[in-house]
Amino acid sequence: MKRKIMDQSKGSEIRSAIEELSVMVKVIGVMTLQAENGDLEAHDAAFINHGAAHIPTGPFLSLCYSLLRVLDKIGPTMAVLRQDIHQNIRRLETRNESDPSAYSNMVEILKTEATDGTARNLTSCSRAFVWLTRSLDFTAELLQNLAGNPGQNMKQAVEESYNLTLKPWHRWISSAASKVALMLVPDNETFISSLMAKDESYDNLKVEMETLVSLLVPYLEQIHSILRFYHLDKLKAN
């Protein structure tokens, strides 16, 4: 899958992420309806019953690319996280491209690695999926903070979001490096302005951020349910 290049005159990174999420939410709705009607295999229905979902690999990775573009706006503070995200995306892309028909659903990748005992390996796709999910957690928390409290100090918003979503899973060295990186966070006005599409008002951007968070949070809750199902939710950094 090639990274999508978005025309900034047509929309913001936030709007692009909303579009990607909307596709996946529709898939989840169809899967849930099929499960309720008894049209799914028992194993797939079990995932729905556990609060999990079908995760289309392509749209999920496109959403992660949108996340990268948002992190770019924060600047060098996110350089290490951005590099990790890109590596994890490429790992999942490579697996998906190896057999698109088999791996168009992220759950199938997790299932395969759980079966062959490689899910916890340092270079596993399961581990990549875990860290991409946590990075999306960070983005959702940050946007929720900024939309809910526009006057909040940007450094404080980033630090609080990091502490809630990523810090619990980072080793000491990663946490220490993050403290240094916080010194490079842009001010609130600069970051917000960089997220706006051409001729977009702050009020419109705020609505878009709130819309994205309202879609992203329940979607991530379903993904975390899948991670718990496969006992991947407690994985820590290397």
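Note that the coordinates shown come from a computational prediction; the quantities given were computed from them, not determined experimentally.

Now for the overall build of the protein chain. Each helix and strand in the protein chain was counted, giving ten helices and zero strands. For the protein chain, the N- to C-terminal ordering of α and β elements is α-α-α-α-α-α-α-α-α-α. Expressed as a percentage of the 238 residues in the protein chain, the buried residues total 47%. Here the contacts in the protein chain between residues at least 6 apart in sequence split such that 77% fall between residues at least 24 apart. For the protein chain, the exposed surface amounts to about 11,500 Å²; the carbon and sulfur share of it is 54%.

What follows covers the pattern of salt bridges. Per the stated rule, a full pass over the model turns up eight salt bridges. We note a salt bridge from Arg-82 to Asp-72, for which the minimum N-O separation is 2.4 Å. Highlighted residues: Arg-82 in helix 4 (residues 79-98) and Asp-72 in helix 3 (residues 57-74), separated in sequence by ten residues. For Arg-82, a relative accessible area of 24% translates into the label partly exposed. The partner of Glu-108 in a salt bridge is Lys-111, with the nearest N and O atoms 2.9 Å apart. In this pair, Glu-108 and Lys-111 both sit in helix 5 (residues 106-116), three residues apart, roughly one turn of the helix.

Attention shifts here to the confidence of the model for the protein chain. Summary statistics for the protein chain give a mean pLDDT of 81 and a share of 80% for residues scoring 70 or more. Low pLDDT (under 50) marks residues 30-36, which in the prediction has eight contacts with non-local residues, meaning those over four places away or in another chain. Contacts from residues 39-52, a stretch scored under 50 in pLDDT, to residues over four places away or in other chains number 24 contacts.

Moving on, we get to the side chain of Glu-113. Summarising the element assignment, Glu-113 is placed in helix 5. Accessibility expressed as a relative area gives 2% for Glu-113, which makes it buried. Not counting residues up to four positions away in its chain, the partners in contact with Glu-113 are Arg-95, Thr-118, Ala-119, Ser-124, Cys-125 and Ser-126.

The next thing to look at is helix 3. Along an α-helix, residues three or four apart share an orientation, since each turn contains 3.6 residues. With 18 residues, helix 3 should reach 26 Å at 1.5 Å per residue; the first-to-last C-alpha distance of 26 Å fits that figure. Phi turns positive one or two residues past the end of helix 3, at Gly-75, with a value near 95°.

Before going further, it helps to examine the environment of Gln-152. With respect to the element layout, Gln-152 can be found in the loop between helix 6 (125-148) and helix 7 (154-165). On a C-alpha basis, the gap between Gln-152 and Asn-188 in space is 7.5 Å, while along the polypeptide they are 36 residues apart. The residues touching Gln-152, leaving out its near neighbours within four places in the chain, are Asn-145, Ala-157, Glu-160 and Asn-188.

For the rest of this paragraph, the subject is the packing of helix 4 against helix 6. Contact geometry for helix 4 and helix 6: axes closest at 9 Å, N-to-C directions at 135°. As judged from the angle between their axes, helix 4 and helix 6 are oblique. Considering how the two elements wind past one another, helix 4 and helix 6 form a crossing that is left-handed. For the pair helix 4 and helix 6, contact is made by Leu-81, Ile-85, Asn-88, Ile-89, Arg-91, Leu-92 and Arg-95 and by Cys-125, Ala-128, Phe-129, Trp-131, Leu-132, Ser-135 and Phe-138, respectively. Taken together, the residues of the contact of helix 4 with helix 6 break down into ten nonpolar, two polar and two charged.

Reading the values: the criteria
Residues numbered from 1 in each chain as written. Predicted model: local features only at pLDDT ≥ 70, side-chain atom pairs only at ≥ 80, totals over all residues. Heavy atoms only, no water. Helix = DSSP H or I, 4+ residues; strand = E, 2+ residues; numbered from the N terminus. Buried < 20%, exposed > 50% of the residue type's maximum accessible area, 1.4 Å probe, protein only. Contact = heavy atoms within 4.5 Å. Areas by Shrake-Rupley, 256 points an atom, 1.4 Å probe, with all protein chains shown as cover. Salt bridge = Lys/Arg side-chain N within 4 Å of Asp/Glu carboxyl O. pLDDT = per-residue confidence, 0-100. Expected span 1.5 Å × (residues − 1). Axes fitted to C-alpha atoms, helices over the stretch in contact; angles between N-to-C directions. Parallel < 35°, antiparallel > 145°, perpendicular 65-115°, else oblique. Left-handed = near helix turned anticlockwise from the far one by under 90°. Nonpolar A, V, L, I, M, F, W, Y, C, P; charged D, E, K, R; others polar.

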